[in-house]
Amino acid sequence: MLTFFSGGLFAVSQLNSDRGCLHQIGRLSKCLKIPTAFLLVSTLAFIALEIPSAAAEIKVPNAGQVFIYRDDWGVPHIFAPSERDGFFGLAYAQAQDQLPEILSMLLAFQGKSSSVYGPDHIIFFEETALDVDLDSLFWLRAEQAKIAFVSDNISSELRDNYVGYINGLKKYLVDHPDEIPPGLPELEPWHALALGHSILAPGYASDGLGDCRAGGVEIAQFSRAGSPAKQVASNEWVLAPWRTATQSTMVLSDPHGGVNGSVFYEFRMHADPLNIAGFTMGPLMLLTHNDNLSWGLTTGAPDVSDCYEINVDSSNPKRYQFDGETKEMVVREVTVQIRGSEPVTKSFEYTEHNGVMSPVVSRRENKAYVVSTPYMNSAGMLDEAIYRLNKSRTVEDVRKALSNNGMYPQNVMVGDRFGDSLFVRAGRTPIRPDGYDWQRPVPGNSASSAWKGLHSIDDLVQLKNPAQGFMQNSNSSLELVATGKDAINLADYPEYISNPHRTHRSYSRARRINEVLLKAFSFTIEDAMELALDEKWPNTELWIQAFSQALNRRPATISNRAPVYRKFASLVLAFDGYANKDSIAALNFYYWRDEIQRQASTADLKPLWKTVETKATLSDPMVDLILGSLEAAVDRMVQEFGTTKTSYGKLFRISRDGERTWPLGGGTPINATNFGDCGMIEDAGFSCGLTQRAYLFKEPNENGFRIAAYGSYALRLVVFSDPLKSFTAHNFGQSSRRESAHYDDKAELLSSERKLKPTYFHPSDLLEHIESLTVIETVD
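Residues numbered from 1 in each chain as written. Predicted model: local features only at pLDDT ≥ 70, side-chain atom pairs only at ≥ 80, totals over all residues. Heavy atoms only, no water.

Caption draft 1: Summary view of the overall build of the protein chain. Per the secondary structure count, the protein chain includes 25 helices and 32 strands. In the protein chain, which comprises 780 residues, the share counted as buried stands at 61%. Of the contacts made within the protein chain by residues no fewer than 6 positions apart, 70% connect residues no fewer than 24 positions apart. Roughly 28,500 Å² of accessible area belongs to the protein chain as shown, and the carbon and sulfur atoms make up 50% of that amount. (Helix = DSSP H or I, 4+ residues; strand = E, 2+ residues; numbered from the N terminus. Buried < 20%, exposed > 50% of the residue type's maximum accessible area, 1.4 Å probe, protein only. Contact = heavy atoms within 4.5 Å. Areas by Shrake-Rupley, 256 points an atom, 1.4 Å probe, with all protein chains shown as cover.)

This is the structure in structure tokens:
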């Protein structure tokens, strides 16, 4: 409980009702027109402590204490005398802001979220509690985490930190017993391994499930990874010092997914030797940076799982032959308790392939299909790799951190203060025998198709310090990470290591990044922010050129029409390509492009895309399509808005609860509701044309608004200048509590306004922006 003395209770009320003042002024004492020296906050033991003034220094906690300073965005800055205490404070701060989300992740990992929150409770990205519970039990996640917590998979230091984290959660629940949901099981230290894996683990099996589907197999068992990913995209780039105005390495990391980003929590920690800022999943500090190093992660990885087709005994389908010996499948009966309803019981089957439990994901006649992944026995190894990454100082330290083969399947891109950069397509990758098509089900009744171990990091696709002075990845082909002589040659690697099937050969976002950075020779922080928040629709010029060609081929089509059609055409022809929230031309262009997609078949679109990209002469049917779409777009806008003079942000919005909405720029120039829609058409003329922010929107709601569903949600820009500067953008707000002043302030003041905020990485920066201080006595 926070108590403000010397009139502080009024200050709390005023702060919650005047968020604009808070962020315009940037300092609570100025906003409230009271001296900082009189702004006091108590500990949980009701000990009043003065918040430091601008002339003071941040106070360092004593042993057994943790200080949680909140900045004017609500982000906690945790000061602790040890790492363990830092993790204790992190858990406490997270619980203050998003306790239900933390508990949902923790319980889902154990298959227990339905027992506490009910089967239809939404967890993660629109997934129900029951589905996630069954998925976790199917993949044996809790069972393996419990074993791993006392194994060599994690170091004693990390184990101790995780004990601190769970103790921090327990402390919060003791202090706030009214917030404990009925039926919550006792928290144990190994539960800390759950919070990151609850989100990331489905990616471990996605390749193998895809292989099964490629063989015509319908995935019948329980797996969140059983459906192709539709909400995945990301950007990352590193710029060498010689290309920047400050002679400093710049690192951009911008993951895309469910737009609320609630699974990520922004924080700042000072817990010697950890000195980090960024975003964490529970205690898994996945998207962070320290004084010397920053990194990004994008979807794309080696092939880390396989599908095996097994002939089973027709008289007993749980038996099969393996190298002539009869084997019995392991059968697990699991029961999920359901709050307010009868429990759900399921039977899961497993073989032991490649030394790991491999679940049966489907059956067809006398065949069983199992998915095998080396991540099945690697619980804790990701946590250890991330822990080492956070303590790394150079890119070579990063190679050592990743050498435990624990990193989850991702494109890892790193830049350090010393000017070095590194790209690794990381993943726990099996060594496969030759002679099989590893993109389809392979025979599983003998050891001939068994893995021969795991590849070391030295075998994986990687690039260090390209001569061109930058590298980038936006889920695009590895050949686009760098250009020219620095380009990665896929022929140098086995196909299952380069795994081009996990990414598109080319992507408009990648081309846009290359276009900008190839011209960068004195790149400023402002330039970096512009690129990070870029709302340019790639290849707009090509489409406008095609539009102009069509209009001039058939001038009579437009000359005899009402002025509204000619004005619409003029705006599209003059459009600069930027999907800015205030742009009228952007919405006109969107409606025209979207009408082309609506009116044409795929067979008609593909040659049109190619013609547009190559600037070739349009066929007569193409001209008909382009001009017919112009007319349809005008008519549709007039019907929906009463005018064609409507800004892009009038339609496209951002909102946390659907009630308060703000205009938003970025997205695609056609109607796409998930990244899967874009992936199918990116290669052909870059028809999708995602902006760097890569927002995708829901269908119109009852108010006619299209609310952002997927896109950028945990952006970090780090500049290793002296002093270091870092910036973030996280949609909505720091807290999921509706009563909080930081429930959706970032949506209004950052996302909608296309802005980043500073992290106040240095204590001296924080002093001007302190909102509150909580002091906690740690417990063992």
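Caption draft 2: Region of the structure containing the state of the cysteines. By the definition in use, this model includes one disulfide. Cys212 shares a disulfide with Cys307; S-S distance 2.1 Å. Residues Cys212 and Cys307 are joined by a disulfide whose S-S torsion is about 100°; by sign, that bridge is right-handed. Taken together, the positions of Cys212 in helix H10 (residues 206-214) and Cys307 in strand E13 (residues 306-313) put the pair 95 residues apart, joining distant regions of the chain. Both residues of the pair, Cys212 and Cys307, belong to the buried class. (Disulfide = S-S within 2.5 Å.)

Caption draft 3: Representation of the environment of Leu627 in the model. Mapped onto the secondary structure, Leu627 falls in helix H21 (residues 620-641). By relative accessible area, Leu627 is classed as buried at 6%. The spatial distance from the C-alpha of Leu627 to the C-alpha of Leu551 is 7.2 Å, given a sequence separation of 76 residues. Ignoring anything within four residues of it in the chain, the contact list for Leu627 reads Ala550, Leu551, Arg554 and Thr557.

Caption draft 4: Representation of the packing of aromatic side chains. Taken as a whole and assessed by the stated rule, the structure comprises 25 aromatic pairs. Taking 6.5 Å as the distance between ring centres and 80° as the angle between the ring planes, the aromatic pair formed by Trp543 and Trp592 counts as edge-to-face. Remark: Trp592 occurs in helix H19 (residues 584-599) and Trp543 occurs in helix H16 (residues 540-553); sequence separation between them is 49 residues. With a relative accessible area of 0%, Trp592 lands in the buried category. Lying across the ring of Tyr496, Arg432 places its NZ or CZ 4.7 Å from the centre. (Phe/Tyr/Trp six-rings, centres within 6.5 Å; stacked < 30°, edge-to-face > 60°. Lys NZ or Arg CZ within 6 Å of the ring centre and 35° of its normal.)

Caption draft 5: Expanded view of the packing of helix H18 (residues 563-574) against H21. Their axes nearest at 10 Å, the elements H18 and H21 cross at an angle of 110°. One way to sum up the angle between H18 and H21 is to call them roughly perpendicular. Contacts between H18 and H21 involve Val564, Tyr565 and Phe568 on the former and, on the latter, Leu630, Glu631, Ala633, Val634, Asp635 and Met637. Here the residues of the contact of H18 with H21 are counted per class, giving seven nonpolar, no polar and two charged. (Axes fitted to C-alpha atoms, helices over the stretch in contact; angles between N-to-C directions. Parallel < 35°, antiparallel > 145°, perpendicular 65-115°, else oblique. Nonpolar A, V, L, I, M, F, W, Y, C, P; charged D, E, K, R; others polar.)

Caption draft 6: Local environment of unusual backbone geometry. Backbone torsion omega between Asp272 and Pro273 reads 5°, so that peptide bond is classified as cis. Among the secondary structure elements, Pro273 is positioned in the loop between strand E9 (265-271) and strand E10 (274-281). A cis geometry characterises the amide bond from Asp722 onward to Pro723, with omega recorded as 10°. Take Pro723: it is sitting in the loop between strand E29 (715-719) and strand E30 (725-729). Its identity is not glycine, yet Arg754 carries a phi of approximately 55°, on the positive side. Relative to the helices and strands, Arg754 resides in the loop between helix H24 (745-751) and strand E31 (757-758). Judged by relative accessible area, Arg754 falls into the partly exposed class, the value being 22%. Despite not being glycine, Tyr760 has its phi angle at roughly 55°, a positive value. Structurally, Tyr760 can be placed in the loop between E31 and helix H25 (763-766).

Caption draft 7: Main features of the packing of helix H4 (residues 83-110) against helix H6 (residues 129-138). In the contact formed by H4 and H6, the axes pass within 6 Å of each other and the chain directions differ by 50°. When the axes of H4 and H6 are compared, the pair comes out oblique. Between H4 and H6, the residues in contact are Leu107, Ala108, Phe109 and Gln110 and Val132, Asp133, Ser136 and Leu137, respectively.

Caption draft 8: Highlighting the pattern of salt bridges. Throughout the structure, instances matching the rule amount to 39 salt bridges. Among the salt bridges present, the one from Glu384 reaches Arg388, with a minimum N-O distance of 3.3 Å. Taken as a pair, Glu384 and Arg388 lie in helix H11 (residues 381-390) at a separation of four residues, close to a single helical turn. For Arg388, a relative accessible area of 34% corresponds to the partly exposed category. Across the pair Arg636 and Glu640 runs a salt bridge whose closest N-O atoms are separated by 3.3 Å. (Salt bridge = Lys/Arg side-chain N within 4 Å of Asp/Glu carboxyl O.)

Caption draft 9: Spotlight on the side chain of Ser712. Here Ser712 shows up in strand E28 (residues 706-712). A residue is classified by how much of its surface remains accessible, and Ser712, at 6% relative accessible area, is buried. Here the side chain of Ser712 touches Asp254 through a polar contact of 2.7 Å, side chain to side chain. Once you skip the residues sitting within four places of it in the chain, Ser712 turns out to touch Asp254, Pro255, His256, Val259, Arg693, Tyr695 and Asn731. (Polar contact = N/O pair within 3.5 Å; in protein donor to acceptor, adjacent residues only side chain to side chain.)

Caption draft 10: Structural view of helix H14 (residues 508-517). The element H14 is largely enclosed, with a buried count of seven among its 10 residues. Along H14, the positions that sit buried rather than exposed are Ser508, Arg509, Ala510, Arg512, Ile513, Asn514 and Leu517. Turning to H14, the residues buried within the fold contact strand E7 (233-239), strand E8 (250-258), strand E24 (470-473) and helix H15 (525-532).

Caption draft 11: Spatial organisation of the pairing of strand E21 (residues 421-426). Counting buried residues in E21 gives six out of six residues, a clear majority hidden from the surface. A two-sided burial pattern is seen for E21, the buried positions comprising Ser421, Phe423 and Arg425 on one face and Leu422, Val424 and Ala426 on the other. Bridge count for strand E20 (residues 410-416) against E21 is six bridges, and the pairing is antiparallel. Across the sheet, residue Val412 finds its bridge partner in E21, namely Val424. Following E20, the chain reverses through four residues before pairing antiparallel with E21; Gly419 in that reversal takes a positive phi of roughly 95°. Two elements, E21 and strand E23 (residues 462-464), share three bridges in a ladder whose sense is antiparallel. Counted as the bridge partner of Val424 is Gln462 from E23. (Pairing = 2+ DSSP bridges.)

Caption draft 12: Expanded view of the environment of Ala467. When you line up the elements, Ala467 lands in the loop between E23 and E24. The contacts of Ala467, once residues within four sequence positions are left out, are Trp242, Lys485 and Asp486.

Caption draft 13: Summary view of the nonpolar core. Within the largest apolar cluster, 81 residues are counted, with the highest numbers of intra-cluster contacts made by Tyr165, Leu169, Leu286 and Met407. When residues in this core are grouped by element, the largest group, 14 residues, is from H4. In contact with Leu286, other than residues within four places in its own chain, are Leu200, Phe264, Phe279, Thr280, Met281, Trp295, Leu297, Ile386 and Tyr408. (Core = buried A, V, L, I, M, F, W, Y, C linked by side-chain atoms within 4.5 Å.)

Caption draft 14: Seen up close, the pairing of E20. With seven of seven residues buried, E20 lies mostly within the body of the structure. By the alternation rule, side chains of E20 split into Gln410, Val412, Val414 and Asp416 and Asn411, Met413 and Gly415, which are all buried. Note that strand E12 (residues 293-298) and E20 share six bridges and pair antiparallel. Paired with Trp295 across the strands is Val414, a residue of E20.

Caption draft 15: Structural view of the environment of Ser476. You can see Ser476 is positioned in the loop between E24 and helix H13 (495-498). By relative accessible area, which is 0% here, Ser476 ends up buried. Here the alpha-carbon distance between Ser476 and Gly300, two residues 176 residues apart in the chain, equals 8.3 Å.

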